[in-house]
Amino acid sequence: MLERLQPFVGEWDMEASLPAPPDSRARSVFEWALDGRFLVQRTEISIPEAPDSISIMGADPGGEALSQHYFDSRGVVRIYAMTFEDGVWTLRRDSPDFSDLNFWQRYSGTFGEDGDTIDGRWEISHDEGTTWEKDFDLVYTRVKQRAATSLRRPSS
C-alpha cells in the first residue's frame, strides 16, 4: 500500500487561502524513512503564528488502511485516517486522539495530471460531520530544479 505514496516524494511549495504577509513562504518535503516503512512530511512556514510540523504516514499491520500522525510546533498531536486513491489524497479526523476533539476536520487534495500540483482544501465541522464548511484552500506545487532554501525562523 505504501508504494502508492511515491508521487508525494519530493519538495513542495505550499499556498493557503489565509491572510499572510506577501513575502511569506511555506514548504513541505516528503521523504521515505526507516527502509520505506513510513513516509515523513516536514513542513516549514515562515509566518511566526503558523506552526511548523512533522507528519508520519504509514499503513496498519495488515496493509489495509493508512494513517497520518501529525505533530506541530505548538505541541499539537493528531491522528488522521488517510486514503490515496486515483490521485485523490484525503485526511480525516473524527475520532478522539491526543488533542481535544471539539471539531472534526477533513482535507481532500487532487493531484494534477502532471503530478506536480495537489489542489485541495481543509474543511471543518462543529456538529460531528452533519455540516461542513471550508476552513481554507491548500495547494501544493512541486519544486523543480532550484536550490533548496531553509524556511527556519531566525532565532531570537
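Here, the structure is the one placed above.
Because the structure is predicted, anything quoted here is derived from the model rather than measured.

*Asks:* I tried to follow unusual backbone geometry on my own but got confused; where do I start?
*Replies:* When glycine is set aside, most residues are seen to have a negative phi, and most peptide bonds are trans. Positioned with a positive phi, Asp-86 is a non-glycine residue whose angle comes to about 50 degrees. Mapping Asp-86 onto the fold places it in the loop between β6 (77-85) and β7 (88-93). Notably, Glu-128 is not glycine yet its phi reads approximately 55 degrees, a positive angle. By secondary structure assignment, the location of Glu-128 is in the loop between β9 (117-125) and β10 (133-142). The class of Glu-128 is exposed, set by a relative accessible area of 62%.

*Asks:* Just to check I follow, could you spell out the pattern of salt bridges for this structure?
*Replies:* Pairing of side chains with opposite charge becomes possible as their charged atoms draw close. Under the counting rule described, the total for this entry stands at 12 salt bridges. With its nearest N and O atoms 2.7 Å apart, the salt bridge here joins Arg-92 to Asp-94. With a relative accessible area of 27%, Asp-94 lands in the partly exposed category. With a closest N to O distance of 2.9 Å, Arg-93 and Asp-97 form a salt bridge. Here the salt bridges do not stand alone but share partners, grouping Glu-11, Asp-13, Arg-25 and Arg-27 into one network.

*Asks:* Would you mind showing me how to read the side chain of Ser-55 here?
*Replies:* Here Ser-55 is to be found in strand β4 (residues 53-59). If sequence neighbours within four positions are ignored, Ser-55 has contacts with Leu-39, Val-40, Gln-41, Gln-68, His-69 and Tyr-70.

*Asks:* Looking at this model, I keep getting lost on the nonpolar core. Mind explaining?
*Replies:* What tends to happen in soluble globular proteins is that the nonpolar side chains get buried as a cluster. Counting 27 residues, the largest nonpolar core has Leu-5, Phe-8, Phe-30, Trp-89, Tyr-107, Ile-118 and Tyr-140 as the members making the most contacts within it. Every residue in contact with Phe-30, bar those within four places of it in the chain, is listed here: Phe-8, Val-9, Gly-10, Trp-12, Leu-39, Val-40, Gln-41, Met-57, Trp-89 and Tyr-140.

*Asks:* Which parts of the structure should I look at to understand the side chain of Gln-41?
*Replies:* By the secondary structure assignment, Gln-41 is in strand β3 (residues 38-45). A polar atom in the side chain of Gln-41 sits 3.0 Å from the side chain of Ser-28. A polar contact of 3.3 Å, which involves the side chain of Gln-41, links it to the side chain of Tyr-140. With sequence-adjacent residues up to four places away left out, Gln-41 is seen in contact with Ser-28, Val-29, Phe-30, Ser-53, Ile-54, Ser-55, Met-57, Gln-68, Trp-89 and Tyr-140.

Conventions adopted
- Residues numbered from 1 in each chain as written.
- Predicted model: local features only at pLDDT ≥ 70, side-chain atom pairs only at ≥ 80, totals over all residues.
- Heavy atoms only, no water.
- Helix = DSSP H or I, 4+ residues; strand = E, 2+ residues; numbered from the N terminus.
- Buried < 20%, exposed > 50% of the residue type's maximum accessible area, 1.4 Å probe, protein only.
- Salt bridge = Lys/Arg side-chain N within 4 Å of Asp/Glu carboxyl O.
- Contact = heavy atoms within 4.5 Å.
- Core = buried A, V, L, I, M, F, W, Y, C linked by side-chain atoms within 4.5 Å.
- Polar contact = N/O pair within 3.5 Å; in protein donor to acceptor, adjacent residues only side chain to side chain.

None of the figures reported here should be taken as evidence of function without further support.
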